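# Structural features, examined
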Amino acid sequence: MTLDDKQIADEAVDLLAHLIRNECVNDGTPESGFESRSTDVLAQYLGDTGLDLERYEARPGRESLVARIEGSDPSAPSMLYMGHTDVVPVNVDGWQRDPFAGELVDGELWGRGAVDMLNLTATMAVAFRHLAKSGFTPRGTLIYLAVADEENLGTWGAEHLLNNERDAVYADFVITEAGGFQMPSSTGPKLPVIVGEKGSYWCRITVHGTPGHASQPFRTDNALVTAAEVVRRLADFRPPTHIHDTWRRFIEGVDFGPDWNAKLTDEATLHDFCEQLPIGLARQAHACTHTTFAPTIIHGGTKTNVIPDLVDVEVDIRTLPGQTSVDVEKMLADALGDLRAHVDVTPFDENPSTSSPADSPMWDAMARVSSKLVDDSALVPFLTVGATDARFFRRAGSIAYGFGLFSRKLGFDDYASMFHGNDERVDVDSLVLSTRLWDDLAHDMLG
Ligand SMILES: [Zn+2]
């Protein structure tokens with residue numbers, strides 16, 4: 001049984017539109033998301049495959065769905081297709097169309113989640129259903145997981161499942177968002193594969209002072225004034241540039257030309273070169289090669305006429321592969337200088353960076369399959385500065401990548417601006433390409 005492009009397009013568009021209309025908005029509260037609406041839709045869609053579908057509810061409404069095609073050889077590697085079903089909130093004012101209507105307009109399907117990542121969740125399901133109905137009997141097991149709560153911390157989704165239902169979801173190889181948008185180069189399109197994620201170290205810096213009457217500020221110990229200096233030093237701090245292997249292979253693979261390639265991979269000059277780059281690329285290049293420090297919240301003061309004795313500054317710090325809390329604390333000491341002794345640093349969320357090797361049987365299979373679907377293409381490894389559910393699986397021992405395929409219509413800039421942004425939409429050709437990727441990859445990897 002083969003699927004033609006028209007059939008894939010019809011099924012993928014219909015399923016994706018349903019997932020968008022379910023409006024599984026995750027605002028970070030445990031009561032939000034309500035992904036069970038989309039597990040209902042997916043269970044119905046996969047219901048005629050004859051496979052057992054398992055549903056796991058971490059708390060009311062926060063439900064994930066697992067479907068499996070068991071392999072014939074227990075020693076063969078297994079593979080998981082994982083897509084999340086929740087989406088981030090929208091600001092309706094910024095949209096040209098209803099973000100939850102799932103409208104198909106001129107070959108593009110509009111709506112929150114169209115590229116993050118209901119497109120992949122839907123196309124993985126379309127390919128999985130086709131594989132099951134066509135009697136695919138792989139050596140290694142193929143698992144499909146539609147997972148809740150990716151857009152917050154994974155507490156009610158991937159983390160819950162790995163902690164409580166590991167046998168149901170664990171696989172040797174995992175594929176999830178994101179990547180695969182075509183980056184043009186002189187030797188054909190390069191397709192980024194996310195092989196790692198930066199870590200996070202969120203902390204509270206508590207600045208102490210001495211209370212007093214604000215009518216006599218001279219020579220007072222004002223915690224707010226000290227906090228302002230703490231924030232300024234963090235903003236001015238220049239952590240060392242670190243050109244890691246993933247970054248070097250990405251730059252060399254995409255090939256920005258000899259001059260840019262050299263500047264983008266030189267630890268001595270990259271920071272200054274970032275000052276001259278277009279803003280989007282500059283931020284990416286900087287974040288991929290530096291630990292970043294972003295002060296984001298400040299709380300302090302009690303009354304207009306009281307010198308404050310306590311101010312809290314929250315800082316979002318993002319770490320590179322291999323860095324630990326010891327490295328972060330050293331950098332904070334460098335950044336704050338003599339003020340370090342006058343503040344308390346309390347980390348409240350530590351999440352080390354994770355990565356998988358960019359050489360594996362799955363990498364080779366993705367390269368073989370995608371080069372047939374996108375002419376002259378080649379894979380390049382990439383480090384994402386955000387976080388995805390891949391981190392839980394890497395920590396559990398899986399090799400996990402972020403990948404998918406997009407048509408030439410959807411370039412990196414479009415993709416980056418729509419991710420959590422306004423007017424999110426995906427073209428139908430991209431849905432067809434991704435569906436074919438999942439189908440062909442299952443045959444190549446597990447066949
Ligand atoms: Zn996502």
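Before going into details, it helps to say that this report is about the structure given with it. (Residues numbered from 1 in each chain as written. Predicted model: local features only at pLDDT ≥ 70, side-chain atom pairs only at ≥ 80, totals over all residues. Heavy atoms only, no water.)

Before going further, it helps to examine the overall build of the chain. When its secondary structure is counted, the chain shows 15 helices and 18 strands. Once the C-alpha set of the chain is aligned to its principal axes, its extents read approximately 85 × 55 × 45 Å. Going through the 447 residues of the chain one by one, you find that 55% of them count as buried. Once local pairs closer than 6 in sequence are excluded, the contacts in the chain between residues at least 24 apart make up 79%. When the accessible surface of the chain is summed, it comes to about 19,200 Å², and 49% of that surface belongs to carbon and sulfur atoms. Side-chain charges of the chain comprise 37 positive and 69 negative groups, with the mean position of each set lying 2 Å from the other. (Helix = DSSP H or I, 4+ residues; strand = E, 2+ residues; numbered from the N terminus. Buried < 20%, exposed > 50% of the residue type's maximum accessible area, 1.4 Å probe, protein only. Contact = heavy atoms within 4.5 Å. Areas by Shrake-Rupley, 256 points an atom, 1.4 Å probe, with all protein chains shown as cover. Lys, Arg positive; Asp, Glu negative; His and termini not counted. Charge placed at Lys NZ, Arg CZ, Asp CG, Glu CD.)

In space, the three strands of this open sheet follow the order β4-β5-β18, with antiparallel pairing throughout. In the strand order of this sheet, the two ends are held by β4 (104–105) and β18 (425–427), each with one partner. Here β4 runs beside strand β5 (residues 108–110); their pairing, made up of two bridges, is antiparallel. Within β5, the position partnered with V105 by the bridge is E108. Of the strands in this sheet, β4, β5 and β18 touch helix α1 (residues 5–21), which is tilted by about 15° from β5. (Pairing = 2+ DSSP bridges. Axes fitted to C-alpha atoms, helices over the stretch in contact; angles between N-to-C directions.)

Glancing now at the coordination of the zinc ion. Distances from the zinc ion to its protein donors, H84 (NE2), D116 (OD), E177 (OE) and E177 (OE), fall at 1.8 to 2.3 Å. Coordination at the zinc ion is irregular: its four donor atoms span angles of 58 to 147° at the metal. In primary-sequence terms, the residues that donate to the zinc ion follow H-x31-D-x60-E. A residue pair is termed long-range when its members are at least 10 positions apart, and H84 in strand β3 (residues 79–84) and D116 in the loop between β5 and α3 (118–133) qualify at 32 residues. (Donors = N, O, S within 2.8 Å, 3.2 Å for Na, K, Ca; no water. Tetrahedral: all angles 85-135°; square planar, octahedral: opposite > 155°, others 65-115°.)

Glancing now at the sheet that holds strand β13 (residues 310–319). An order of β11-β13-β9-β14 is seen for the four strands of this open sheet, with the pairing classed as antiparallel. Edge positions in the sheet fall to β11 (292–300) and β14 (343–351), since each of these pairs with one other strand and no more. Ignoring which end each strand starts from, the neighbouring axes of this sheet average 20° apart. Pairing of strand β9 (residues 199–208) with β13, which is carried by ten bridges, proceeds in the antiparallel orientation. Pairing of C203 across the sheet is with V315, part of β13. This element, helix α11 (residues 325–336), spans β9, β11, β13 and β14 of the sheet and lies at about 40° to β9.

Here the focus is the pairing of β3. Across the six residues that make up β3, a large majority, six, are buried. Alternating positions in β3 separate into two faces, M79, Y81 and G83 on one and L80, M82 and H84 on the other, with burial throughout. The sheet contact formed by β3 and strand β6 (residues 142–147) spans six bridges and is parallel. From the neighbouring strand, M79 faces β6, where its bridge partner is L142. As judged from the three bridges shared by β3 and strand β7 (residues 173–176), these two strands associate in the parallel manner. Opposite Y81, over in β7, you have I175 as the bridge partner.

With that out of the way, let us pick up helix α15 (residues 428–446). Look at α15: 27 Å from first C-alpha to last across 19 residues, which is about the 27 Å you get at 1.5 Å a residue. Burial within α15 is extensive, with 14 of its 19 residues counted as buried. (Expected span 1.5 Å × (residues − 1).)

Let's shift gears to the environment of P308. Take P308: it is sitting in the loop between β12 (306–307) and β13. Between the alpha carbons of P308 and A287 there is a distance of 34 Å; along the sequence they are 21 residues apart. Here P308 is in contact with G209, T210, D221, N222, A223, L224 and G301, once residues within four sequence places are set aside.

Turning next to the pairing of strand β16 (residues 378–384). Along any regular strand, the residues point their side chains to alternate faces of the sheet. Counting buried positions over the seven residues of β16 gives six, a clear majority of the element. Note: strand β8 (residues 190–197) against β16, seven bridges, orientation parallel. Residue pairing in the sheet places V193 in a bridge with P381 of β16.

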